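# Structural description and commentary
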Amino acid sequence: MGRPPEATKTLMQRFLDVVESVGNKVPHPAVIFLILIAIVIALSHILALTGATVTYEAIVPDADPATEAVNLPEPDYDAGLHIAYEPAGKRNYSIETRSVAARSLLTVDGIRFMYSSLIPSFMGFTAVGLMIVAIVGAGVAEEAGLVQALIRKLVIVSPQWALTYILSFVGILSSIAADAGYLVLIPLAGTAFLSVGRHPLAGLALGFAAVAGAFTVNMLIKPLDAVLVEFTNDAIQLVNPELTIGLASNLWFSVASVLFLTVLVTLITERMIEPRLGTYSSGLSSDSAATATPSESPRMTAEESRGLMYAGIALAGVLAVFALLTLPSGAPLRNPETDELIGNSPFMNGLIALIMILFLATGASYGFGARTMKTATDVIKAIEKALSGLGSLLFLFLIISQFVSYFNYTNMGTILALTLSDLLQSANIGTLPLLIGFIVVVAIIDLLITGAIAKWALFAPIFVPLLLNLGVTPEAVLAAYRVGDSPVNAITPLNAYFALVVGFAQKYDKGAGVGTVVALMLPYVIWMFVLWTALFAVWHLLGLPWGL
């Protein structure tokens, strides 16, 4: 793979090589999750026998038969990113005191659950549906050549030094479209790096770090913000019924975080990841080479230019249609109760559909313009080809969905989270150390419970009142949660898309495995966590406004 000689490697590079070597010796990810399932089953029985129990205050939706069908999806293995639409005023939450005990999977009820939940757990694994929907459009765009043409255009019009910054910035902002960044931006970043002679694995790592490691911040208000703010307000009511925060309560900190992390991800990629990987020479499969290797000509061909023009017309057409569906007051995709467009609205909660339509329309139009596609049958074949490559990933998702379902059933994640929270509360330390300790606890729990909504539902009633009584604003607590919840997403195998990134890496390096991805992402996770936490601490000490 053209990596630097051993004698020239730094201590960190040698350490990451060991991590990669050890990690790649572990079994196939499906086997790993089968082993984890066995561990969860055994551990659940031990904890149940010892009577492990915790009591806590939780934010729960009020029972309402009229809105029961649109409550937040459960279980929470969708990484807390997918929020079902609910009309404003219909979603009511209350604070309840609950006791949770460990549940064994080896009891009669546990065995019944494992047997009967196979299909419901898999069908409820929303990453599967999102992946299939997104790949319909992305597959057409890739097969038609639109993705490669856009990358070449970007390379032509952008200074070479700016490419990494652009990909980092777009990757962080892609969270506005939920999981689309995982499915589109990460492979695009790998292809973009390859097109300019840089190592594609570095591009994949950059994309994964930007998409996953900064998921809870954005420059725009997204559906996740609505839920996190609502949970925060419900927790505030425990100590101050007159106080509330708004959707933009973390806007300034989020904007600053996006810019800060864009630079940080770029520097880590260029100063640490690429020097370790060295030059890229081989390991590409023939299929991947055909789709990823750019044209030798530095200029766009006439066919490519015509295809991009057709794609531009299609883009304008789709945007015009969606403008009619969103911009006028009372438009179908606005919230019918509040008429809002950004936040909790059908438009924001269904953005993956817009992503699919955009890629499908522009990809097909590019294909017809560039003559890479001639009939509708070619478009359908492109979709079939894209979907046909999902077989192994669907099997892995089947195994992962069972693991997450079993883990949630046992209540082990809740017990661990609340036990750590109790230890932190009893530590008797100052507000800033307590906030930093909170960030650390959230990051630890994120290794096991990736759902942003699920964790905040547990933590908000504990830490918001606690810190509010100590003079810390709820906005600061929510900002701390965003910092703790994000970086670890890029390294935990329980991220539903971790296995997908391993698959992307294997397109460029057939020997790549779990260890390869862990070694690539470890520098990002460490530095993003440490320096982003430092940014939070400075922001808090200076008393800067968190948002509007």
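Keep in mind it's a predicted model, so treat the numbers as computed, not measured. (Residues numbered from 1 in each chain as written. Predicted model: local features only at pLDDT ≥ 70, side-chain atom pairs only at ≥ 80, totals over all residues. Heavy atoms only, no water.)

Our focus in this paragraph is the nonpolar core. Among the nonpolar cores identified, the biggest contains 153 residues, and Trp456 and Tyr524 are the most heavily contacted of them. With 13 residues, the single largest contributor to this core is helix α23 (residues 514-542). Excluding residues within four positions of it along the chain, tyrosine 524 makes contact with Ala202, Ala205, Leu206, Ala209, Val265, Ile268, Thr269, Ile273 and Phe529. Counting residues in hydrophobic clusters, the runner-up holds 9 residues, among them Val318, Phe322, Leu341 and Phe347. (Core = buried A, V, L, I, M, F, W, Y, C linked by side-chain atoms within 4.5 Å. Buried < 20%, exposed > 50% of the residue type's maximum accessible area, 1.4 Å probe, protein only. Helix = DSSP H or I, 4+ residues; strand = E, 2+ residues; numbered from the N terminus. Contact = heavy atoms within 4.5 Å.)

Turning our eyes to something else, we now look at the environment of asparagine 240. Tracing the sequence through the fold places asparagine 240 in the loop between α10 (223-236) and α11 (251-277). Overall, the relative accessible area of 28% leaves asparagine 240 in the partly exposed class.

A word on the confidence of the model for the protein chain. When pLDDT drops low, the exact placement of atoms in the prediction is not to be read closely. Counting all residues, the mean pLDDT for the protein chain is 81, and 82% of those residues have values of 70 or more. Segment residues 65-90: pLDDT under 50, and 66 contacts once partners within four positions in sequence are set aside and those in other chains are kept. Contacts for the low-pLDDT stretch residues 283-298, under 50 throughout, to residues beyond four places or in other chains number 26 contacts. (pLDDT = per-residue confidence, 0-100.)

At a closest axis distance of 7 Å, the pairing of helix α13 (residues 302-326) and helix α15 (residues 351-370) adopts a crossing angle of 150 degrees. The interaxial crossing formed by α13 with α15 has right-handed handedness. The residues of α15 that touch α13, namely those facing Glu303, Glu304, Arg306, Gly307, Leu308, Tyr310, Ala311, Ala314, Leu315, Val318, Leu319 and Phe322, are Leu354, Ile357, Leu358, Ala361, Thr362, Ser365, Tyr366, Phe368, Gly369 and Ala370. When the residues that make up the contact of α13 with α15 are grouped by side-chain class, the tally is 15 nonpolar, 4 polar and 3 charged. (Axes fitted to C-alpha atoms, helices over the stretch in contact; angles between N-to-C directions. Left-handed = near helix turned anticlockwise from the far one by under 90°. Nonpolar A, V, L, I, M, F, W, Y, C, P; charged D, E, K, R; others polar.)

The grouping of Val31, Ile35, Ile39, Leu43 and Ile46 at the surface amounts to a nonpolar patch, some 410 Å² of accessible area in total. Within the secondary structure, valine 31 sits in helix α2 (residues 29-50). Owing to a relative accessible area of 36%, valine 31 belongs among the partly exposed residues under this scheme. (Patch = residues over 30% accessible without salt bridge, like charges linked within 9 Å, V, L, I, M, F, W, Y side chains within 5 Å. Areas by Shrake-Rupley, 256 points an atom, 1.4 Å probe, with all protein chains shown as cover. Salt bridge = Lys/Arg side-chain N within 4 Å of Asp/Glu carboxyl O.)

Here we come to helix α16 (residues 376-388). The periodicity of an α-helix, 3.6 residues per turn, causes residues three or four positions apart to be oriented the same way. End to end, α16 covers 18 Å across 13 residues, agreeing with the expected 18 Å (1.5 Å per residue, within 8%). Val379, Ala382, Ile383 and Ala386 are the residues of α16 that are buried. Summarising the axial view, the buried residues of α16 lie within an arc of 95 degrees, below the 170-degree limit, and thus occupy one face. Facing away from the buried surface of α16 by more than 90 degrees, the exposed residues are Lys381, Glu384, Lys385 and Ser388. (Expected span 1.5 Å × (residues − 1). Arc of directions from axis to C-beta.)

A separate point is the pattern of salt bridges. Counted according to the given criterion, the structure contains 6 salt bridges. In this structure, arginine 112 and aspartate 109 form a salt bridge, with 3.6 Å as the shortest nitrogen-oxygen distance. Taken together, the residues arginine 112 and aspartate 109, both in helix α3 (residues 108-116) and 3 residues apart, mark about one turn of the helix. Judged by its relative accessible area of 55%, arginine 112 falls in the exposed class.

Right, let's talk about the packing of helix α19 (residues 431-446) against α23 for a bit. Viewed as axis vectors pointing N to C, α19 and α23 meet at an angle of 150 degrees, and their least axial separation amounts to 11 Å. With respect to α23, the element α19 is oriented roughly antiparallel. In this structure, α19 meets α23 at a crossing whose hand is right-handed. On α23, the residues that touch Thr431, Leu432, Leu435, Ile436, Ile439, Val440 and Ala443 of α19 are Phe529, Thr533, Phe536, Ala537, His540 and Leu541. In terms of residue class, the contact of α19 with α23 is made up of 10 nonpolar, 3 polar and no charged. (Parallel < 35°, antiparallel > 145°, perpendicular 65-115°, else oblique.)

Take the packing of aromatic side chains next. Here the structure, examined in full by the defined rule, presents 19 aromatic pairs. Through pairs of rings, three or more aromatic residues link up here, namely Tyr182, Phe208, Phe215, Tyr497 and Phe498. Lying over the aromatic face of tyrosine 409, arginine 103 brings its terminal NZ or CZ to 3.8 Å of the ring centre. We note arginine 198 situated over the ring of phenylalanine 193; from NZ or CZ to the ring centre the distance is 4.1 Å. (Phe/Tyr/Trp six-rings, centres within 6.5 Å; stacked < 30°, edge-to-face > 60°. Lys NZ or Arg CZ within 6 Å of the ring centre and 35° of its normal.)

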